[in-house]
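# Chain and residue survey
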Amino acid sequence: MDGLMDVVQSILGAGPSVMLPIIIFIVGLIFRVSVKKAIISGITVGIGMIGINLVITVLTTNVGPAAQAMVERFGLNLTIIDAGWPAVSAGTWAQPIAAVMIPVILIVNLIMLALNRTKTLNIDIWNYWHVSSVAATGYIVTKSFFFGILCGILFTIIIQIIADKTAPKVQEYYGLEGISITTGSAQGYAILALPVGWLVDKIPGINKLDVKPETIQKRFGIFGEPMIMGIIIGMFLGLLGGYDLIGILQIGMNMGGVMFLMPRMVKILMEGLIPIQEGAQKLLQSRYGDREIYLGMDAALATGSPAALSTGLLMVPITLFLAVILPGNRVLPFGDLATIPFFAALVVPSRKGNILHSVISLTVVMAAALLMATNFAPVITEMAQGIVKFPEGAAEITNLDTGGNFLKWIFLKFSELVAQVM
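Model, not experiment: these values are computed from the prediction. (Residues numbered from 1 in each chain as written. Predicted model: local features only at pLDDT ≥ 70, side-chain atom pairs only at ≥ 80, totals over all residues. Heavy atoms only, no water.)

With that out of the way, let us pick up the sheet that holds strand β4 (residues 294–297). As summarised here, the arrangement of the three strands in space is β2-β4-β3, forming an open sheet in which the pairing is parallel. If you trace the sheet from one side to the other, it starts and ends with β2 (120–122) and β3 (179–181), each paired once. Between one strand and the next, the sheet's axes are offset by a mean angle of 35°, whatever the strand orientation. As judged from the three bridges shared by β3 and β4, these two strands associate in the parallel manner. Counted as the bridge partner of Ile-181 is Met-297 from β4. (Pairing = 2+ DSSP bridges. Helix = DSSP H or I, 4+ residues; strand = E, 2+ residues; numbered from the N terminus. Axes fitted to C-alpha atoms, helices over the stretch in contact; angles between N-to-C directions.)

Structure below.
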């Protein structure tokens, strides 16, 4: 088992910019794309992912310190630290059940495709850790390896179904033809935010407020340009963090850069995926008529949308405010604050890009997420114990990505119920 874990860690350690080209090349050959096209597609996707990761690095290295400055400035004192998704991911892959889940996820996905129970081929192996974290939760709570595998299988099926159901709006709004989003965090937040958004749309007065990048640009001219919106939101975060004038201007420019560059990086990645998508559709149509297939991808593709990025960035101070006022919350949001735009990936298309409605929906969900993350802390702490260096002064850790994820929290409760019966 240790040898298998070493292999898995080595593969995953290469990162998505190396993994994706290899996966795209193999998938391209399976779908009878020429070797030349498969190689070019794989390399193009890898380059696009490098670009996306570079822009995300700019995002996280600016939003993270701003959030920390807000925490210190407002004297927030909560006992459970949000250690972020990297810590929980590391804790997940350290569990003996995690390595087994990679072939299990692939097999379940292929069986569902063969039986026409899904349209999505989930090639986002980098994010298989979301499924493995659910399997690890079931294993830690019940001490049953097989129950953990069962949890992982059920979660895989749920991911496939949600990816299929949300794909039409994802493709229409983001312009990502033939793509579905299979990231567990985006789906976990959407499953609550979508019905909340539907209710928000029924509130008199609020339902008439159309706050989209396009309408902002139409009404306010240059201030509606994505890069200008990014600068304004970035300066707002710097102001809340107590930055000096230079610091405020720097974070503003960096966020403007993120808004400007991210759509272009996503476009490069999509150029590489188009031949694979066309090959898949051609092969399926020759065998099954009009059957569609989607390529399951990372929620990072959604951050090419100004509305998704704006929604996520505005949620940073809102999340910190909720953490202070929410009764029963013990979580200090920190590590996952910069990843909130990913949580908005499936919410924004359902609100047709309305930033106000998306923010209201996610605010309601984030309040629930903080309480779930508080409840999830003991299991996440055990998962990461001895694997991850805990933040100074933290006896327990959690995160918003897993701990605040409604779907994963349901599996936690399911596991606890089974543990009582066993």
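Next up on the list: a nonpolar patch on the surface. Taken together, the side chains of Leu-29, Val-35, Ile-39, Ile-43 and Ile-47 present a nonpolar region at the surface, about 420 Å² in accessible area. When residues of the nonpolar patch are assigned to their parent elements, the largest contribution, four residues, is made by helix α3 (residues 35–73). Residue position: Ile-47 is located in helix α3. (Patch = residues over 30% accessible without salt bridge, like charges linked within 9 Å, V, L, I, M, F, W, Y side chains within 5 Å. Areas by Shrake-Rupley, 256 points an atom, 1.4 Å probe, with all protein chains shown as cover. Salt bridge = Lys/Arg side-chain N within 4 Å of Asp/Glu carboxyl O.)

On the secondary structure map, Thr-339 appears in the loop between β5 (331–332) and α13 (340–343). The spatial distance from the C-alpha of Thr-339 to the C-alpha of Ser-180 is 19 Å, given a sequence separation of 159 residues.

Quick look at helix α10 (residues 226–240) now. The first and last C-alpha atoms of α10 sit 21 Å apart over 15 residues, in line with the 21 Å expected at 1.5 Å per residue. Within α10 the residues assigned to the buried category are Met-229, Gly-230, Ile-233, Gly-234, Leu-237 and Gly-238. Directly after α10, the chain includes Gly-242, whose backbone phi takes a positive value near 75°. (Expected span 1.5 Å × (residues − 1). Buried < 20%, exposed > 50% of the residue type's maximum accessible area, 1.4 Å probe, protein only.)

What follows deals with the packing of α10 against helix α12 (residues 306–325). Running from N to C, α10 and α12 cross one another at 10°; their axes reach a closest spacing of 10 Å. By the angle class used here, α10 and α12 are roughly parallel. Residues Pro-226, Met-229, Ile-233, Phe-236, Leu-237 and Leu-240 of α10 lie in contact with α12, whose contacting residues are Pro-306, Ser-310, Leu-313, Leu-314, Val-316 and Pro-317. (Parallel < 35°, antiparallel > 145°, perpendicular 65-115°, else oblique. Contact = heavy atoms within 4.5 Å.)

Take the side chain of Asn-399 next. Here Asn-399 lies in the loop between β6 (396–398) and α16 (406–421). The class of Asn-399 is buried, set by a relative accessible area of 0%. Here Asp-336 takes part through its side chain, which lies 3.2 Å from a polar atom of the side chain of Asn-399. Those residues in contact with Asn-399 that lie beyond four places of it in its chain are Asp-82, Gly-84, Trp-85, Val-88, Asp-336, Ala-373, Ile-380 and Gly-404. (Polar contact = N/O pair within 3.5 Å; in protein donor to acceptor, adjacent residues only side chain to side chain.)

Before going further, it helps to spend a moment on the sheet that holds β5. A sheet is described by the order of its strands in space; here three strands give the open sequence β5-β1-β6, paired in parallel fashion. Of all strands in the sheet, those with a lone pairing partner are β5 and β6, marking the two edges. Pairing analysis gives two bridges linking strand β1 (residues 80–82) to β5, with the strands arranged parallel. Residue Ile-81 lies in a different strand from β5, and its bridge partner there is Leu-332.

We now examine the packing of helix α6 (residues 129–142) against α16. Put simply, α6 and α16 touch, their axes get as near as 8 Å, and they point 25° apart. With respect to α16, the element α6 is oriented roughly parallel. Two packed elements cross with a definite hand, and for α6 against α16 that hand is right-handed. Two secondary-structure elements touch here, α6 through Trp-129, His-130, Ser-133, Val-134, Thr-137, Gly-138, Val-141 and Thr-142 and α16 through Lys-408, Phe-411, Leu-412, Ser-415, Glu-416, Val-418 and Ala-419. For the contact of α6 with α16, the residue count by class is seven nonpolar, six polar and two charged. (Left-handed = near helix turned anticlockwise from the far one by under 90°. Nonpolar A, V, L, I, M, F, W, Y, C, P; charged D, E, K, R; others polar.)

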